[in-house]
Amino acid sequence: MSFWEITAIILAGFMAGTINTIVGSGTLITFPTLLFFGYPPVMANISNSLGLVPGGVTGAWGYRSELRSLGPMLRRLAPASFVGSIIGALLLLVLPAAAFEAIVPILILLALVLVVLGPRLSRWAASHHVEAVTRGRWVALILGVVFAGMYGGYFGAAQGVLLLGLMSILLPLGLQQMNGIKNVLGAIVNFVAAMVFLIVDPSQVDWTIVLLVGIGSILGGLIGARIGKAMAPWVLRLVIVVVGVTAIIFLLVT
């Protein structure tokens, strides 16, 4: 491995950790980078998932102040991410990529629509006195988090966009609080999926990639939290849309 390859992978990990903390879809940077250097797709995907775990932890830590009052909610949503990520990781190991990726662009587009319409839908909910999270909304949210976890365990890119879109219409929270929840759930998905990969098929893990991506993602997670929290809600939504559209284009042309 050359100096330039090492540098490029660390830099990609840094950028991915930053983008994951702000909105998600950091995999759209690291995954193509690893493919460029000739790593097999499944190995690149699995090693990348492991490497991004530390960045997810530092990103979630950076949003700890926004999460202080949300412990009960996280305890209800975390198991859904746990279950979904296991299913998604197993799908990656047993199914052809086309079986799942065919619908991913549609899902991301739906998530973007939800993010954009989130404030309007929230105002509509408030005007109809449905600020509280009803039982039906909880069921829809948990099922959505399970599905986002499946997607995240399988590929990961734009998992954050899906989660933010879902929460935008189902939770009466500010965007920064939802971003904090997204970071915690994303870290859970990456970690659990990585453990599944290690147990079921450890030969697919390249530990050099894991180390290099991990170094970059740790720093990226810390810096991404600072950048994300400094953004106005409309700017953050704009970034979400840009990243989401980029994800759709990437998945359609590759």
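For the structure itself, look to the data block above.
Values in this document were obtained by computation on a predicted structure and should not be read as measured data.

J.: Just to check I follow, could you spell out helix α10 (residues 175–200) for this structure?
T.: For α10, built from 26 residues, the straight-helix expectation of 38 Å at 1.5 Å per residue is met to within 8% by its first-to-last C-alpha distance of 37 Å. Among the 26 residues of α10, 19 are classified as buried, and the element is accordingly described as predominantly covered.

J.: How do you make sense of the packing of helix α5 (residues 71–94) against helix α8 (residues 135–154) when you look at a structure like this?
T.: For any two helices packed against each other, one specifies the inter-axial angle together with the distance between the axes. At their nearest, the axes of α5 and α8 sit 6 Å apart, and the two run at 40 degrees to each other. Between α5 and α8 lies a crossing whose hand is right-handed. Contact residues: Met 73, Arg 76, Leu 77, Ala 80, Ser 81, Gly 84, Ser 85, Ile 87, Gly 88, Ala 89, Leu 91 and Leu 92 in α5; Trp 138, Leu 141, Ile 142, Val 145, Val 146, Gly 149, Met 150, Gly 153 and Tyr 154 in α8. Across the contact of α5 with α8, the residue classes break down as 14 nonpolar, 6 polar and 1 charged.

J.: Sorry if this is basic, but what is going on with the environment of Met 195 here?
T.: Locating Met 195 in the fold gives a position in helix α10. Note: C-alpha distance between Met 195 and Ala 89 (106 residues apart in sequence) is 9.3 Å.

J.: Got a minute to help me understand the side chain of Asn 183 in this structure?
T.: Summarising the element assignment, Asn 183 is placed in helix α10. Within the local environment of Asn 183, its side chain forms a polar contact with the side chain of Lys 182, the two groups lying 2.9 Å apart. Each residue touching Asn 183, except ones within four places of it in the same chain, is listed here: Asn 20, Thr 21, Gly 56, Gly 59, Ala 60 and Tyr 63.

What counts, and at which threshold
Residues numbered from 1 in each chain as written. Predicted model: local features only at pLDDT ≥ 70, side-chain atom pairs only at ≥ 80, totals over all residues. Heavy atoms only, no water. Helix = DSSP H or I, 4+ residues; strand = E, 2+ residues; numbered from the N terminus. Expected span 1.5 Å × (residues − 1). Buried < 20%, exposed > 50% of the residue type's maximum accessible area, 1.4 Å probe, protein only. Axes fitted to C-alpha atoms, helices over the stretch in contact; angles between N-to-C directions. Left-handed = near helix turned anticlockwise from the far one by under 90°. Contact = heavy atoms within 4.5 Å. Nonpolar A, V, L, I, M, F, W, Y, C, P; charged D, E, K, R; others polar. Polar contact = N/O pair within 3.5 Å; in protein donor to acceptor, adjacent residues only side chain to side chain.

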